[in-house]
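Now for the letters of each chain:
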Amino acid sequence: MKNKSPKIGLRTVKTVISVFLCFLIDSFRNDSVPFYAVIASILCTQPDIENSLIIAKSREISTIIGGILGMLFLTMERVLITIYPELFRELILSLMLIPIIYLSLLLKQKNGTALMCVVFLCVTITHEKDTNPLYFAWSRIIDTSLGIIISLIVNSIPFQQLQRK
């Protein structure tokens, strides 16, 4: 019995092209980090455009909502009250996941619930001490959108038809 090696498929090729295009476009942007665009392009590159659109829609909605809620939390924290000690702040952030999860279910974004929570926590935990965390949240949304758009464009190219010619 022969041992079959896996083949490098079209999805792999499309993923590599999408990731490289994210890096390429990022090289022309100021103060951006290609990481979030690259993640979005990898996750949204699916076997076909229909599945890519489903994943892209869920990812975009989840990123926007999680990012906006993170910005609102940081704004509230900076304008109204700084939460001390850190463990109490972390308790508040953990409890904030309840309305975020509930909102996700209300919006019928069950598949995006985890990402919505991750984006919210990414904004509120890793960038709370930035001079402008709101800029980071906005950039995070833009970078993710860019990765999604690139993956959809690459995934819509009829590579199979190009191979036959």
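Everything discussed here concerns the structure shown above.
Source: prediction; values computed, not measured.

Caption draft 1: Molecular detail of the overall build of the chain. Each helix and strand in the chain was counted, giving seven helices and zero strands. Counting helices and strands in the order they occur from the N terminus, the chain gives α-α-α-α-α-α-α. If you line up the chain on its principal axes, its C-alpha atoms span 65 × 35 × 35 Å. For the chain, with 165 residues in total, the buried portion stands at 41%. Of all intrachain contacts in the chain linking residues separated by at least 6 positions in sequence, the fraction that spans at least 24 positions is 70%.

Caption draft 2: Inspection of the nonpolar core at higher detail. Grouped together as the largest cluster of nonpolar side chains are 10 residues: Y36, M71, L74, L115, V119, C122, V123, F136, A137 and I141. When residues of this core are traced back to their parent elements, those giving at least two are α3 (49-79), α5 (113-126) and α6 (133-156). If you look at the next biggest cluster of nonpolar residues, it comprises nine residues, including I65, L97, M116 and F120.

Caption draft 3: Region of the structure containing the packing of α3 against helix α4 (residues 86-106). At a minimum axis separation of 12 Å, α3 and α4 run at an interaxial angle of 140°. Considered as vectors, α3 and α4 are oriented oblique to each other. You can see that α3 and α4 cross each other, and the crossing is right-handed. Facing α3, whose interface residues are I65, L69, F73, L74 and E77, α4 presents R89, I92, L93, M96, I100 and L103.

Caption draft 4: Representation of the packing of aromatic side chains in the model. The full count for this structure, using the stated rule, is two aromatic pairs. Judged by centre distance (5.3 Å) and plane angle (75°), the rings of F35 and Y36 are edge-to-face. The interplanar angle of 80° and the centroid separation of 6.0 Å between the aromatic rings of F73 and F120 together place this pair among those described as edge-to-face. With F73 in helix α3 and F120 in helix α5, this residue pair connects regions lying 47 residues apart in the sequence.

Caption draft 5: Main features of the pattern of salt bridges. Throughout the structure, instances matching the rule amount to two salt bridges. R29 is paired through a salt bridge with D143; the nearest N and O atoms lie 2.7 Å apart. With R29 in the loop between α1 (10-26) and α2 (35-44) and D143 in helix α6, this pair connects stretches of sequence that are 114 residues apart. Residue class for R29 comes out partly exposed when judged on its relative accessible area of 28%. Given the relative accessible area of 3%, D143 is considered buried.

Caption draft 6: Just a nonpolar patch on the surface, in detail. On the surface, F20, F23, L24 and F28 cluster together to form a nonpolar patch covering roughly 460 Å² of accessible area. Relative to the elements of secondary structure, F20 occurs in helix α1.

Caption draft 7: Focus on α4. Helix length check: α4, at 21 residues, gives a terminal C-alpha distance of 31 Å against a target of 30 Å (1.5 Å per residue), a fit within 8%. Taken residue by residue, α4 has R89, L93, L97, I100 and S104 as its buried positions. For α4, the angular spread of buried residues about the axis comes to 115°, placing them on one side. Exposed and oriented more than 90 degrees from the buried face of α4 are L87, I98, Y102 and L106. Buried residues belonging to α4 abut α3 and α5.

Caption draft 8: Geometry of the state of the cysteines. Applying the stated criterion across every chain, the model contains zero disulfides. C22 takes part in no disulfide bond, and the closest cysteine sulfur, belonging to C44, lies 9.9 Å away. Residue classification places C22 among the buried residues on the basis of a relative accessible area of 1%. A disulfide-free cysteine, C117 has its sulfur positioned 13 Å from the sulfur of C122, the nearest such atom.

Conventions we followed
Residues numbered from 1 in each chain as written. Predicted model: local features only at pLDDT ≥ 70, side-chain atom pairs only at ≥ 80, totals over all residues. Heavy atoms only, no water. Helix = DSSP H or I, 4+ residues; strand = E, 2+ residues; numbered from the N terminus. Buried < 20%, exposed > 50% of the residue type's maximum accessible area, 1.4 Å probe, protein only. Contact = heavy atoms within 4.5 Å. Core = buried A, V, L, I, M, F, W, Y, C linked by side-chain atoms within 4.5 Å. Axes fitted to C-alpha atoms, helices over the stretch in contact; angles between N-to-C directions. Parallel < 35°, antiparallel > 145°, perpendicular 65-115°, else oblique. Left-handed = near helix turned anticlockwise from the far one by under 90°. Phe/Tyr/Trp six-rings, centres within 6.5 Å; stacked < 30°, edge-to-face > 60°. Salt bridge = Lys/Arg side-chain N within 4 Å of Asp/Glu carboxyl O. Patch = residues over 30% accessible without salt bridge, like charges linked within 9 Å, V, L, I, M, F, W, Y side chains within 5 Å. Areas by Shrake-Rupley, 256 points an atom, 1.4 Å probe, with all protein chains shown as cover. Expected span 1.5 Å × (residues − 1). Arc of directions from axis to C-beta. Disulfide = S-S within 2.5 Å.

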